[in-house]
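Given next are the chains, with one letter for each unit.
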Amino acid sequence: MTELTRLDAAELGRRIASREVSSREVTAACFDRIEAVDGAVRAFLTTDRERALQAADAIDTRIAAGEKLGPLAGVPIAVKDLLCYQGLPTTASSRILEGWMPPYNSTVVERLLDAGLVILGKTNLDEFALGSSTETSAFGPTHNPWALDRIPGGSGGGSAAALASFEAPLAIGTDTGGSIRQPAAVTGTVGVKPTYGAVSRYGIIAVASSLDQAGPCARNVYDTALLHDVIVGRDPRDGTSVELSGTQAVGVADMARRADVKGLRIGVVKELGGEGYQPGVEQRFREAVQVLVQAGAEVVEVSCPHFVHSLATYYLIMPAEVSSNLSRYDGMRYGLRKGGPDATTEQVMRASRGAGFGAEAKRRIILGTYALSAGYYDAYYGSAQKMRTLIARDFAVAYEVCDVLVSPTTPTTAFKLGEKVDDPLAMYMSDLCTIPVNLAGIAAGSVPCGLSPDDGLPVGFQIIAPALQDARVYQVAAALEAALDTQRGHPLLDDAPALGEAR
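As the structure is a computational prediction, the values presented were derived from the model and not from experiment. (Residues numbered from 1 in each chain as written. Predicted model: local features only at pLDDT ≥ 70, side-chain atom pairs only at ≥ 80, totals over all residues. Heavy atoms only, no water.)

1. Structural notes on the overall build of the protein
Where we set the bar: Secondary structure follows DSSP: runs of H or I at least 4 residues long count as helices, runs of E at least 2 residues long count as strands, and numbering of each begins at the N terminus. Atoms considered for the radius of gyration are the C-alpha atoms alone. The globule rule reads 2.2 Å times the number of residues to the power 0.38. Between buried and exposed lies partly exposed: a residue is buried under 20% and exposed over 50% of the maximum accessible area for its type, with that area taken using a 1.4 Å probe on protein chains only.
Per the secondary structure count, the protein includes 19 helices and 11 strands. Computed over C-alpha atoms, the radius of gyration of the protein comes to 21 Å, within 12% of the 23 Å expected from 2.2 N^0.38 for 503 residues, which places it in the range of a compact globule. Reported as C-alpha extents along the three principal axes, the dimensions of the protein are approximately 65 × 55 × 45 Å. Among the 503 residues that make up the protein, the fraction classed as buried is 60%.

2. Some thoughts on the pairing of strand β11 (residues 458-465)
What counts is decided by this rule: Strands are treated as partners if at least two bridges between them are detected by DSSP.
Burial runs high along β11: 8 of the 8 residues are buried. When strand β10 (residues 443-451) meets β11, the two strands line up antiparallel, connected through 7 bridges. The residue of β11 that forms the bridge with A443 is A465. Connecting β10 to the next strand, β11, in antiparallel fashion are 6 residues, including G456 with a positive phi near 75°.

3. Describing the pattern of salt bridges
Here is the rule we go by: Salt bridges are counted wherever a side-chain nitrogen of Lys or Arg sits within 4 Å of a carboxyl oxygen of Asp or Glu.
Under the definition given, this model contains 23 salt bridges. Linking E67 and R62 is a salt bridge whose minimum nitrogen-to-oxygen distance equals 2.8 Å. Classification of R62 as partly exposed rests on a relative accessible area of 31%. Beyond isolated ion pairs, a larger network of salt bridges with shared partners links E3, E11, R14, R15 and E20.

4. Some thoughts on the pairing of β10
With 9 of its 9 residues buried, β10 lies for the most part within the structure. As defined by bridge partners, strand β5 (residues 190-193) adjoins β10 across 3 bridges and the pair is classed as antiparallel. Directly across from K193, in β10, lies its bridge partner A444.

5. Considerations on the nonpolar core
Defined as follows: For the purposes of this section, nonpolar cores are sets of buried Ala, Val, Leu, Ile, Met, Phe, Trp, Tyr and Cys residues that join through side-chain atoms within 4.5 Å. Should any heavy atoms of two residues lie within 4.5 Å, those residues are counted as being in contact.
Residues L112, F128 and F461 are the most contacted members of the largest nonpolar core, which totals 131 residues. No other element matches helix α18 (residues 470-487), which puts 10 residues into this core. Apart from residues no more than four positions distant in its own chain, L112 is found in contact with I77, V79, L117, I172, L227, V230 and I231.

6. Quick word on a nonpolar patch on the surface
Heads up, the condition is: Excluding any residue in a salt bridge, patches collect residues exceeding 30% relative accessible area, merging like charges within 9 Å and nonpolar Val, Leu, Ile, Met, Phe, Trp and Tyr side chains within 5 Å. Each accessible area is a Shrake-Rupley result for a 1.4 Å probe, and residues are judged covered by the shown protein chains and nothing else.
Taken together, Y370, Y376 and Y380 make up a surface patch of nonpolar side chains, about 290 Å² in accessible area. Along the chain, the position of Y380 falls in helix α15 (residues 378-398).

7. Concerning the sheet that holds strand β2 (residues 76-80)
To keep it simple, the criterion reads: For helices, the fitted line uses only the C-alpha atoms of the stretch in contact; every axis is such a line through C-alpha atoms, and the angle between N-to-C directions lies from 0 to 180 degrees.
Read across the open sheet, the 11 strands follow the order β1-β3-β2-β4-β6-β5-β10-β11-β9-β7-β8; overall the sheet is mixed. The open sheet has two edge strands with one neighbour each: β1 (44-47) and β8 (298-302). Each neighbouring strand pair of the sheet contributes to a mean axis angle of 25°, computed without reference to strand direction. Here β2 runs beside strand β4 (residues 170-174); their pairing, made up of 2 bridges, is parallel.

8. Details of empty space enclosed by the protein
Condition: Grid points spaced at 1 Å and placed over the protein atoms alone form the basis of the search, with a cavity being a set where a 1.4 Å probe fits but cannot get out and a pocket an open set showing protein on both sides within 12 Å along at least five of seven lines. Lining residues have an atom within 4 Å of a point. Grid points are joined across faces, edges and corners, and a volume is the space filled by probe spheres set on the points. Three classes are used, and their members are as follows: Ala, Val, Leu, Ile, Met, Phe, Trp, Tyr, Cys and Pro are nonpolar, Asp, Glu, Lys and Arg are charged, and the others, Gly among them, are polar.
Using the criterion set out here, one finds 2 cavities of 30 Å³ or more in the structure. Taken as a whole, the largest cavity encloses approximately 80 Å³ of empty space. Around the largest cavity, the lining comprises 14 residues; the ones closest to its centre are A129, G177, S179, Y314 and R364. The dominant element in the lining of the largest cavity, judged by the number of residues it contributes, is helix α12 (residues 310-325), at 3 residues. The residue makeup of the lining of the largest cavity, split by class, is 6 nonpolar, 6 polar and 2 charged. Here the second largest cavity is characterised by a volume of approximately 50 Å³. The wall of the second largest cavity is formed by G156, S159, A160, L163, G173, S179, I180, P183, A184, T189, V190 and C217.

9. Focus on the side chain of T134
To keep things clear, this is the line we draw: N or O atoms closer than or at 3.5 Å make up a polar contact, with two conditions inside protein: a donor-capable atom paired with an acceptor-capable one, and, for residues adjacent in sequence, both atoms drawn from side chains.
By the element assignment, T134 lies in the loop between β3 (118-123) and α6 (157-164). Of the residues examined, T134 reaches a relative accessible area of 0% and is grouped as buried. Engagement of the side chain of T134 in a polar contact is seen with the backbone oxygen of G153, the distance being 2.6 Å.

10. Considering the packing of helix α3 (residues 23-41) against helix α4 (residues 49-64)
To keep things clear, this is the line we draw: Roughly parallel covers angles under 35 degrees, roughly antiparallel covers those over 145, roughly perpendicular covers 65 to 115, and oblique covers all other angles. Rotating anticlockwise by less than a right angle from the far helix to the near helix defines a left-handed crossing, while the corresponding clockwise rotation defines a right-handed one.
At a minimum axis distance of 8 Å, the contact between α3 and α4 shows a crossing angle of 155°. With respect to α4, the axis of α3 lies roughly antiparallel. Between α3 and α4 lies a crossing of right-handed hand. In this structure, α3 uses S23, R24, T27, A28, F31 and D32 to contact α4, whose residues at the interface are R49, A52, L53, A56, D57 and D60. By residue class, the composition of the contact of α3 with α4 is 5 nonpolar, 2 polar and 5 charged.

11. Some words on the confidence of the model for the protein
Low-confidence regions, as indicated by low pLDDT, have predicted coordinates that should not be scrutinised in detail. We apply this condition: One number per residue, pLDDT, summarises how confident the predictor is, and it ranges from 0 to 100.
Scored by pLDDT, the protein comes out at a mean of 94, with 95% of its residues at no less than 70. The model gives residues 489-495 a pLDDT under 50, and that stretch makes 25 contacts with residues more than four places away or in other chains.

12. Regarding the packing of aromatic side chains
We apply this condition: Any pair of Phe, Tyr and Trp rings, taking the six-membered ring for Trp, is counted once the centres come within 6.5 Å. Such a pair is stacked with planes under 30 degrees apart, edge-to-face with planes over 60 apart, and tilted for the rest. Both a distance and an angle decide whether a charge sits over a ring: NZ of Lys or CZ of Arg must be within 6 Å of the ring centre and within 35 degrees of the ring normal.
Evaluation of the coordinates by the stated rule reveals 15 aromatic pairs. When the centroid spacing of 4.9 Å and the interplanar angle of 85° are considered together, the rings of Y314 and Y315 count as edge-to-face. The structure contains a cluster of three or more aromatic residues connected by ring pairs, namely W100, F128, Y329, Y334 and F357. Over the ring of Y85 we find R51; its NZ or CZ atom is 4.1 Å from the centre of that ring. Positioned above the aromatic ring of F415, the side-chain terminus of K420 is 4.4 Å from the ring centre.

13. What about helix α11 (residues 279-294)?
Which entries qualify depends on this criterion: Here, expected helix span is obtained from the residue count minus one, scaled by 1.5 Å.
For α11, which comprises 16 residues, the first-to-last C-alpha distance of 23 Å matches the rise-based estimate of 22 Å (1.5 Å per residue) to within 8%. At the exit of α11 stands G296, carrying a positive phi of roughly 110°.

14. Comments concerning unusual backbone geometry
G154 connects to S155 through a cis peptide bond whose omega is 5°. The residue S155 is located in the loop between β3 and α6 in this model. Notably, S93 is not glycine yet its phi reads approximately 55°, a positive angle. Mapped onto the fold, S93 is located in the loop between β2 and α5 (107-114). Of note, the phi angle at A129 is positive, near 65°, even though the residue is not glycine. Relative to the helices and strands, A129 resides in the loop between β3 and α6. Judged by its relative accessible area of 7%, A129 is buried.

Following this line, the structure appears as structure tokens:
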């Protein structure tokens, strides 16, 4: 591993801007690292070396001409293969979209390019983001760089693994029920789900439209905040995007620099812990809470009683929206098409969907179609929406006495590949702590809080903030990161993954 691939994104941006190093050199170093380790990690589905180096050269030329660019100009980034990027296949890790080339860019990709970031390629994910381990990808699983026999989380395991293996300094993920935060937790990286509507969904393949949100991923809090500031903002092409104001409008990176929690009220959610949580995960979480107390925060326990129903609520609402969104993949307009020349429309659709969708996608389509069917809509989907309102109210009540809420990001460290793939309910439990946030549409992030004494694998600390108060996530995350660096070192930088080792 070269020095360039170990450097933080902010430092790379500074060196590129000062011409201490060129964007081409940094980009080439990332591709060399990908070539060296991605055969074992399998974080990337496609890479885009020629175009990336051309983009890097263009940034170097602008800097040489004296142009002042943003803090991440020239820095390479990996993008989850759910976001449209013209000229590169966008597959959602599904056979039904294998080889599909989007004719336009997503808004997030546009904003990355406008800010001068260099896109390395597209990362692996669970098929249509439906999973918690990146094992449902039609193109094979991604491996956790900390231990190659372990999952990297899901659905965005490819983006998280690319960071943890030092293949890229930045990445974009999407989060429907924890798909940014849970991979961040189990790979010792940082990932944030912004407030719903803060980042445009235009050009992102829809999974569950009322839950999906793109967000930034990096190896430290400040880099994540810089990337957050690049991608947020109102987009008239997305009817659900919101106008930002206050701290959100001026950026969250400044809050990440302050790293100060003195006087902040932090609520520990009683329902997100206890039975079913790995002892080492709870130990590191409790230690991290005490670190925040020592840093000047006030900590209280809060109860959110309806959280116990969040998993059931989510697995009615999400599959219902999946069923609706995935109905467009019919073998008739684009993507995979099966059926002979004399096949009827119904036969083509049945054959194409049967061959194109994997088992987990089919499972959720069936669940969602059933929940929306006549005679069951009110009993299932309608009831779930009512419970969603109660979960949102739990958050509102908690924020009357707290500025942020905290919990473990996920109940366990990374489990072994194949361990839960045949047990959907056990797999779904991986998102127990993250799902309530998506149901309420608020902001949350995961930051490393050490290695579990159980198995030596990373543990994530989740910080949850009210809607449009995303800066608070970075404020607490930066303070915790700074304190842990002082007390026992950052788990990723001080104990870098040994690729090829199994724990």
